[in-house]
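Here are the chains, one letter per residue:
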Amino acid sequence: MKVYKYYYNLLSAERQSVYKALYNGLRAHSRYIDIGAVDIDAVDIGQVMQYVSLDNPLFFYVDFRKITVREFSAVPNFGGMRAHVGSKYQLIPKYTYSRAEVTKLNADMEVALNKIVAAIKGGRDYSKALRAHDILARAVKYDTVALTNNLANYKRTNTVVGALLDKKAVCEGIAKTYKLVLDALDIPCVVVTGATSDENLFGDAEHGWNVVYADNAYFHVDLTGDVCGTTRGNICRAYFGLSDRQISVDHRPSADAPKCTTEGCDFYTKAGLVAQSQADVKRIVQEAVARNDRKATMRMPNNCFADNNQLLEFVQKILAQSVKGVCRVECSVNQKFGVFTFSWK
């Protein structure tokens with residue numbers, strides 16, 4: 001499986017050598033990792049450690065928060081100024097699983113991953129990325145319990161182990177799992193860090209999601225946001241395929257995230273589910289009826305009705321003319337993105 005290493009490619013040659021040393025040491029489950037004499041300080045090493053973590057979801061057995069950095073300076077301290085040129089660093093990783101446990105977990109996760117990949121048929125990369133999103137949105141739940149006891153749950157909920165095997169995780173584990181699946185599909189995917197103000201994701205807080213490159217465009221995918229919005233009968237896709245402008249409604253990506261300047265990659269635009277007029281609403285509902293669906297979802301950037309009650313009455317009239325025996329129509333609304341989902345029985 002090819003692993004897309006976006007962050008590795010952001011680094012200078014010298015910092016890439018540190019990345020490689022850490023990567024190779026962690027793969028070998030080394031107790032100590034020497035990175036030699038490099039022109040780098042502890043802050044930069046911390047950035048490299050974060051980049052290794054974000055690029056490589058299968059380092060689930062490493063607690064990157066607890067890697068110890070030891071410095072052996074080869075340059076004397078003059079006048080209270082400590083030079084780092086020529087220093088030798090040693091990293092001491094914190095492993096959360098033994099080698100035997102890692103082998104067993106890797107085997108179990110390979111089975112789960114292969115099932116997901118096998119369920120995703122051919123097609124363009126955008127379609128495959130959407131299918132992977134939908135499978136995980138249905139299968140994984142957000143682990144609210146882990147929020148109150150993150151230290152105890154970190155090695156599962158913040159990693160691919162939680163999402164693939166336990167079917168529950170927090171944003172870091174969900175984003176890394178989506179990247180792992182897209183790596184297996186050979187679709188470039190980046191785990192992005194930043195912050196969100198989405199009340200469904202617990203207010204103004206640190207957050208992780210993805211940027212995907214498919215069909216010649218970069219776009220944001222916040223699978224955690226859609227996991228929280230997915231119900232038994234409806235997959236939420238409000239956060240799939242967003243541009244920088246669209247995601248800025250409630251997300252602030254870090255400065256090193258890929259730029260997503262292409263508009264029109266969001267699910268609703270691609271699927272022809274944007275309603276700019278009452279005629280569009282009628283078309284979308286009638287197309288759902290023609291497919292024998294019992295629900296219709298659309299995005300209305302500017303509501304073309306006086307209020308939601310008038311919109312619901314309009315849809316009820318369309319269904320009364322098109323479907324026999326409809327007795328109840330319900331509507332759920334994502335007000336922030338103007339997404340309306342109608343279901344009927």
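Just so it is clear, the model here is predicted, and its values are computed rather than measured.

**Student:** Looking at this structure, I do not really get the packing of aromatic side chains. What am I missing?
**Tutor:** Each aromatic ring pair is specified by the distance between its two centres and by the angle formed by the two planes. Taken as a whole and assessed by the stated rule, the structure comprises 15 aromatic pairs. Aromatic pair Phe59 and Tyr61: ring centres 5.9 Å apart, planes at 90°, arrangement edge-to-face. Taken as a pair, Phe59 and Tyr61 share a single burial class, namely buried. When the centroid spacing of 5.4 Å and the interplanar angle of 85° are considered together, the rings of Tyr126 and Phe240 count as edge-to-face. On the criterion of sequence distance, the pair formed by Tyr126 in helix 4 (residues 125-139) and Phe240 in strand 9 (residues 240-242) is long-range, its members being 114 residues apart. A single burial state applies to Tyr126 and to Phe240, both of which are buried. In textbook terms, an aromatic cluster arises when at least three aromatic residues are bridged by ring pairs, as seen for Tyr23, Phe59, Phe60, Tyr61, Tyr95 and Tyr97.

**Student:** Is there a simple way to explain a positive patch on the surface in this structure?
**Tutor:** A contiguous patch of positive charge on the surface is contributed by Lys121, Arg131, Arg138 and Lys295. With respect to the helices, strands and loops of the structure, Arg138 is situated in helix 4.

**Student:** Would you mind showing me how to read helix 8 (residues 171-184) here?
**Tutor:** Residues lying three or four places apart along an α-helix face the same way, a consequence of the helix completing one turn every 3.6 residues. Along its 14 residues, helix 8 runs 20 Å from first to last C-alpha, staying within 8% of the 20 Å computed at 1.5 Å per residue. The first or second residue beyond helix 8 is Asp186, which carries a positive phi of 60°.

**Student:** Would you mind showing me how to read the side chain of Thr159 here?
**Tutor:** Assignment of secondary structure puts Thr159 in the loop between helix 6 (150-157) and helix 7 (160-166). Given a relative accessible area of 5%, Thr159 falls into the buried group. A distance of 2.9 Å separates the side chain of Thr159 from the backbone oxygen of Lys155, its partner in a polar contact. Excluding anything up to four places from it in sequence, Thr159 contacts Phe60, Tyr154, Gly173 and Thr177.

**Student:** Would you take a moment to explain the state of the cysteines for this structure?
**Tutor:** Disulfides are covalent bonds that connect the sulfur atoms of two cysteines. Applying the stated rule across the entire model yields zero disulfides. Not engaged in a disulfide, the cysteine Cys189 finds its nearest cysteine sulfur in Cys260; these two sulfurs lie 11 Å apart. The class of Cys189 is buried, set by a relative accessible area of 1%. Cys265 takes part in no disulfide bond, and the closest cysteine sulfur, belonging to Cys260, lies 8.6 Å away.

**Student:** Honestly, the side chain of Gln16 in this entry has me stumped. Any pointers?
**Tutor:** Assignment of secondary structure puts Gln16 in helix 1 (residues 13-27). The buried category is assigned to Gln16, whose relative accessible area is 17%. At 3.4 Å, the side chain of Gln16 and the backbone oxygen of Leu11 are in polar contact. Sequence-distant contacts of Gln16, that is, excluding residues within four places in its chain, are made with Tyr8, Asn9 and Leu11.

**Student:** Please clarify how the packing of helix 4 against helix 8 should be interpreted in this entry.
**Tutor:** Two quantities define a packed helix pair, namely the angle between the axes and the distance from one axis to the other. Following both chains from N to C, one finds helix 4 and helix 8 inclined at 140°, their axes separated by 10 Å at the closest point. For the element pair helix 4 / helix 8, the angle class is oblique. With respect to the hand of their crossing, helix 4 and helix 8 are arranged in right-handed fashion. Within the contact between the two elements, helix 4 uses Ala129, Ala132, His133 and Leu136 and helix 8 uses Thr177, Tyr178, Val181 and Leu182. For the contact of helix 4 with helix 8, the class distribution of residues is six nonpolar, two polar and no charged.

**Student:** Help me understand the pattern of salt bridges, please; the structure alone is not making it clear to me.
**Tutor:** Opposite charge on two side chains lets them pair, provided their charged atoms get close. In this structure the tally under the stated criterion is 16 salt bridges. Residue Lys128 is joined to Asp125 by a salt bridge in which the shortest nitrogen-to-oxygen separation is 3.7 Å. Of this pair, Lys128 and Asp125 both sit in helix 4, three residues apart, which is roughly one turn of the helix. According to the relative accessible area criterion, Lys128 is buried, its value standing at 17%. In this structure, Glu263 engages Arg245 in a salt bridge whose closest nitrogen and oxygen atoms are separated by 3.1 Å.

**Student:** It is not clear to me how the sheet that holds strand 6 (residues 189-196) should be interpreted in this structure. Could you clarify?
**Tutor:** In a beta sheet, neighbouring strands are held together by backbone hydrogen bonds and run either parallel or antiparallel to one another. The strand order across the open sheet formed by five strands is 9-8-7-6-10, and the pairing between neighbours is antiparallel. In this open sheet, the two strands that pair with only one neighbour each are strand 9 and strand 10 (251-253). Neighbour-to-neighbour, the strand axes of this sheet turn through a mean angle of 45°, independent of strand direction. Two elements, strand 6 and strand 10, share three bridges in a ladder whose sense is antiparallel. Across the sheet, Thr196 pairs through a bridge with His251, a residue of strand 10. Lying over the sheet, helix 8 contacts strand 6, strand 7 (205-214), strand 8 (217-221) and strand 9, oriented at roughly 10° with respect to strand 7.

**Student:** Explanation requested: the packing of helix 3 (residues 99-118) against helix 8 in the structure shown.
**Tutor:** Where helix 3 meets helix 8, the closest approach of the two axes is 10 Å, and the angle between their N-to-C directions is 65°. The interaxial crossing formed by helix 3 with helix 8 has right-handed handedness. Taken together, the residues of helix 8 that come into contact with helix 3 (itself represented by Leu113, Ile116 and Val117) are Leu180, Val181 and Ala184. Across the contact of helix 3 with helix 8, the residue classes break down as six nonpolar, no polar and no charged.

What counts, and where the lines are drawn
- Residues numbered from 1 in each chain as written.
- Predicted model: local features only at pLDDT ≥ 70, side-chain atom pairs only at ≥ 80, totals over all residues.
- Heavy atoms only, no water.
- Phe/Tyr/Trp six-rings, centres within 6.5 Å; stacked < 30°, edge-to-face > 60°.
- Buried < 20%, exposed > 50% of the residue type's maximum accessible area, 1.4 Å probe, protein only.
- Helix = DSSP H or I, 4+ residues; strand = E, 2+ residues; numbered from the N terminus.
- Patch = residues over 30% accessible without salt bridge, like charges linked within 9 Å, V, L, I, M, F, W, Y side chains within 5 Å.
- Areas by Shrake-Rupley, 256 points an atom, 1.4 Å probe, with all protein chains shown as cover.
- Salt bridge = Lys/Arg side-chain N within 4 Å of Asp/Glu carboxyl O.
- Lys, Arg positive; Asp, Glu negative; His and termini not counted.
- Charge placed at Lys NZ, Arg CZ, Asp CG, Glu CD.
- Expected span 1.5 Å × (residues − 1).
- Polar contact = N/O pair within 3.5 Å; in protein donor to acceptor, adjacent residues only side chain to side chain.
- Contact = heavy atoms within 4.5 Å.
- Disulfide = S-S within 2.5 Å.
- Axes fitted to C-alpha atoms, helices over the stretch in contact; angles between N-to-C directions.
- Parallel < 35°, antiparallel > 145°, perpendicular 65-115°, else oblique.
- Left-handed = near helix turned anticlockwise from the far one by under 90°.
- Nonpolar A, V, L, I, M, F, W, Y, C, P; charged D, E, K, R; others polar.
- Pairing = 2+ DSSP bridges.

By themselves, these are just geometric observations and shouldn't be taken as functional.
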